Amino acid sequence: MQATILAFMLPAMMLVFAGLFFALWWPVRSRKYVLAYAVCFGLLGSATVLNLFVFGRADLISVVIYHLISMSGVMALMWAVCQRSGVQMPLAMIGFSIVVASALIGAAFAFGNFDLARLAQNIHSSVLFGIVGLAAWQGKKRFLADRLTIGTLALFCFAGFILPFAHNIVHFHFGDVSEQARIVSTVHFIILGTLMFALGGSLVSGVVQDNMKRQSEEAMLDRLTGLPNRAAFEPLAKKMMSRSVVERVPVCMIVCDIDHFKEVNDAFGHKIGDNVISAFGEMLSGRTRPGDIAGRIGGEEFCIIAWNCSEKGACALAERLRIAFATEEFPFLPDSETTSASFGIAQANYGDTYSKMFERADAALYRAKKSGRNRVVGDEIGMYSRALEAVAEQGDGNGANGDVINLPKRPLTSTK
């Protein structure tokens, strides 16, 4: 009786997990690995239902159908684990295990040994769970839930080897309907149900933690540009400033602002204004160095913390950004329209706080705006400009070694 109740509970639990994963996938359908979890538990639950309540005869067709469905479920699990962990699916190992298992199952039925066929089937499932666990181990073990998943898969692999042998030994010595056989079946279902519950629970925990991490990251990123917003940028900048003191490396702050942005919104609408902001953020992201940090700190205002960079080098970097933005042709603007931005730079001094350095860089930006916009002004250097040819010759370095050449700025051709 207990074995019968457990036999009903096992597929029911699997199908409940399938529905739960489907519900977790539905709001953010780009996470295909969550849908694969749902497919995995759906297939495993369906295979268990067929095996326990539909396939009454131990024939080759029923065993093959059950094995193909359950193996497809494990394959879905493996694909999901590999996708989430960022590792390549071990297709060669899977293909080899399928060939060996199919040969053993076919040979067992050829000799009329159904128990051997079941044994080969269970061992193959165990091998697949082991391969899944190995793939998860090689990937990114980010959360406690990931380590629990790996441990559960290892226990699945171990149980898949031990339980079929135990069942066959008891069946051989005491018979299939003996009290000992019923006890072994009950223990089998309890262990399998516990492991399946642990696996589903750890996978659900991983998905929930992924959701929390994604929401936390999205809350710290600007929606239009994908750059850190002010709440995220300031702690990163302060951390870099503290590191610069310890390592005695110069850092600079570049505060930049899109010129006449209100007129862009008024003339062309907020959608075009959003496109301009997005384009400017993309330019900053693509043209700053890997060690630098760029963020949108509000409206049309952006900020960059440049690592290992003097004020002169930061001015050279800002000049390249200024020229790139002023000369870029955007398809969402009329041909007669141009864009420009102004930049203010300050290098961190000994004892500077984030607020003090930002105040000096922002004051330099104000002077750039007041002196005509579309230009670079340093806190100590003052007005900075360099020839387009010199910028082209120097490439995309940090510009720390270039000479200062005072040239007129590129004139705007619009009335923005």
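Residues numbered from 1 in each chain as written. Predicted model: local features only at pLDDT ≥ 70, side-chain atom pairs only at ≥ 80, totals over all residues. Heavy atoms only, no water.

**Q** Sorry if this is basic, but what is going on with the overall build of the chain here?
**A** When helices and strands are counted, the chain shows 13 helices and six strands. For the chain, the accessible surface area stands at approximately 21000 Å², while carbon and sulfur atoms represent 62% of it. (Helix = DSSP H or I, 4+ residues; strand = E, 2+ residues; numbered from the N terminus. Areas by Shrake-Rupley, 256 points an atom, 1.4 Å probe, with all protein chains shown as cover.)

**Q** What am I meant to see in the confidence of the model for the chain here?
**A** Chain-level pLDDT for the chain is 81 on average; 84% of the residues reach the 70-or-more range. Here residues 386-393 scores under 50 on pLDDT; set against residues more than four positions off or in separate chains, the count is 14 contacts. (pLDDT = per-residue confidence, 0-100. Contact = heavy atoms within 4.5 Å.)

**Q** I tried to follow the pairing of strand E2 (residues 293-298) on my own but got confused; where do I start?
**A** Two faces belong to every sheet, and in a regular strand the side chains alternate between them. In terms of burial, E2 is a largely internal element, five of the six residues being buried. The sheet contact formed by E2 and strand E3 (residues 301-307) spans five bridges and is antiparallel. Counterpart to arginine 296 in the pairing with E3 is phenylalanine 302. The hairpin formed by E2 and E3 contains two residues between the paired strands, and glycine 299 there has a positive phi angle of roughly 55°. (Buried < 20%, exposed > 50% of the residue type's maximum accessible area, 1.4 Å probe, protein only. Pairing = 2+ DSSP bridges.)

**Q** Where do I start with the environment of serine 278 in this structure?
**A** Locating serine 278 in the fold gives a position in helix H10 (residues 270-287). Along the sequence, serine 278 and leucine 227 sit 51 residues apart, while their C-alpha atoms lie 9.7 Å from each other. Residues in contact with serine 278, not counting those within four places in the same chain, are Leu224 and Thr225.

**Q** Looking at this structure, I do not really get unusual backbone geometry. What am I missing?
**A** A positive phi angle, near 55°, is found at arginine 248, a position not held by glycine. Positive phi is not limited to glycine here, since asparagine 308 has a value of about 50°. Here asparagine 308 shows up in the loop between E3 and helix H11 (311-327). Accessibility expressed as a relative area gives 44% for asparagine 308, which makes it partly exposed.

**Q** Where do I start with the nonpolar core in this structure?
**A** Membership of the largest hydrophobic core comes to 45 residues, with the highest contact counts inside it found for Phe21, Tyr37, Phe41, Leu77, Met78, Met196 and Leu199. When residues of this core are traced back to their parent elements, those giving at least two are helix H1 (2-25), helix H2 (32-54), helix H3 (60-85), helix H5 (114-138), helix H6 (144-174) and helix H7 (179-219). Those residues in contact with phenylalanine 21 that lie beyond four places of it in its chain are Val34, Tyr37, Ala38, Phe41, Gly200, Leu203, Val204 and Val207. (Core = buried A, V, L, I, M, F, W, Y, C linked by side-chain atoms within 4.5 Å.)

**Q** I tried to follow the state of the cysteines on my own but got confused; where do I start?
**A** Two cysteines joined by a covalent bond between their sulfur atoms form a disulfide. Inspection of the entire model under this criterion finds zero disulfides. Considering cysteine sulfurs only, cysteine 309 is the nearest to cysteine 252, which forms no disulfide, with 5.3 Å between them. The exposure class of cysteine 252 is buried, given its relative accessible area of 0%. (Disulfide = S-S within 2.5 Å.)

**Q** Looking at this model, I keep getting lost on the packing of helix H9 (residues 261-268) against H10. Mind explaining?
**A** Geometrically, a packed helix pair is captured by the angle between its two axes and the distance between the axes. Two elements in contact, H9 and H10, have axes whose closest approach is 7 Å; the angle formed by their N-to-C orientations is 140°. Classified by the angle their axes make, H9 and H10 are oblique. Within the contact between the two elements, H9 uses Phe261, Val264, Asn265 and Phe268 and H10 uses His270, Ile272, Gly273, Val276 and Ile277. Grouping the amino acids of the contact of H9 with H10 by side-chain chemistry returns six nonpolar, three polar and no charged. (Axes fitted to C-alpha atoms, helices over the stretch in contact; angles between N-to-C directions. Parallel < 35°, antiparallel > 145°, perpendicular 65-115°, else oblique. Nonpolar A, V, L, I, M, F, W, Y, C, P; charged D, E, K, R; others polar.)

**Q** I tried to follow the sheet that holds E3 on my own but got confused; where do I start?
**A** Backbone hydrogen bonds hold the strands of a sheet together, and the pairing may be parallel or antiparallel. Spatially, six strands are ordered E2-E3-E1-E4-E5-E6 in an open sheet, and the strand pairing comes out mixed. The outermost strands of the open sheet, each flanked by one partner alone, are E2 and strand E6 (382-384). Each strand axis lies, on average, 25° off the axis of its neighbour in the sheet, ignoring direction. Two strands pair when backbone bridges link them, and strand E5 (residues 376-378) and E6 are joined in this way by three bridges, in the antiparallel orientation. Bridge pairing in E6 places valine 376 opposite tyrosine 384.

**Q** What am I meant to see in the packing of aromatic side chains here?
**A** Here a ring pair, both rings aromatic, is described through the centre-centre distance and the interplanar angle of the planes. Throughout the structure, instances matching the rule amount to 16 aromatic pairs. With a centroid separation of 5.6 Å and 25° between ring planes, the pair formed by phenylalanine 21 and phenylalanine 41 is classed as stacked. Taken together, the positions of phenylalanine 21 in helix H1 and phenylalanine 41 in helix H2 put the pair 20 residues apart, joining distant regions of the chain. For phenylalanine 41, a relative accessible area of 0% puts it in the buried group. Relative to phenylalanine 358, the ring of tyrosine 354 has its centre 6.1 Å away and its plane inclined at 20°; by these criteria the two rings are stacked. Here the residue tyrosine 354 and the residue phenylalanine 358 both occupy positions in helix H12 (residues 354-370), the gap between them amounting to four residues, near one helical turn. On the accessibility criterion, phenylalanine 358 (13% relative accessible area) is buried. Each residue in the set Phe17, Phe21, Tyr33, Tyr37, Phe41 and Phe197 is aromatic and connected to the rest through ring pairs, giving one cluster. Directly above the ring of tryptophan 26 sits arginine 29, whose terminal nitrogen or CZ lies 4.0 Å from the centroid. (Phe/Tyr/Trp six-rings, centres within 6.5 Å; stacked < 30°, edge-to-face > 60°. Lys NZ or Arg CZ within 6 Å of the ring centre and 35° of its normal.)

**Q** Would you mind going over the pairing of strand E1 (residues 251-258) with me for this structure?
**A** Among the eight residues of E1, eight are classified as buried, and the element is accordingly described as predominantly covered. Here E1 shows no split at all, with Val251, Met253, Val255 and Asp257 on one side and Cys252, Ile254, Cys256 and Ile258 on the other all buried. Note that E1 and E3 share seven bridges and pair antiparallel. Within E3, the residue paired with cysteine 256 across the bridge is phenylalanine 302.

**Q** Can you help me understand the pattern of salt bridges in this one?
**A** Side chains that carry opposite charge are capable of pairing whenever their charged atoms lie near each other. Enumeration according to the criterion identifies 12 salt bridges in this entry. Across the pair arginine 84 and aspartate 146 runs a salt bridge whose closest N-O atoms are separated by 2.2 Å. One end of the pair, arginine 84, is in helix H3; the other, aspartate 146, is in helix H6, with 62 residues separating them in the sequence. Exposure remark for arginine 84: the relative accessible area of 11% places this residue in the buried category. What you see here is one network of salt bridges that share partners, running through Arg84, Asp146 and Asp210. (Salt bridge = Lys/Arg side-chain N within 4 Å of Asp/Glu carboxyl O.)

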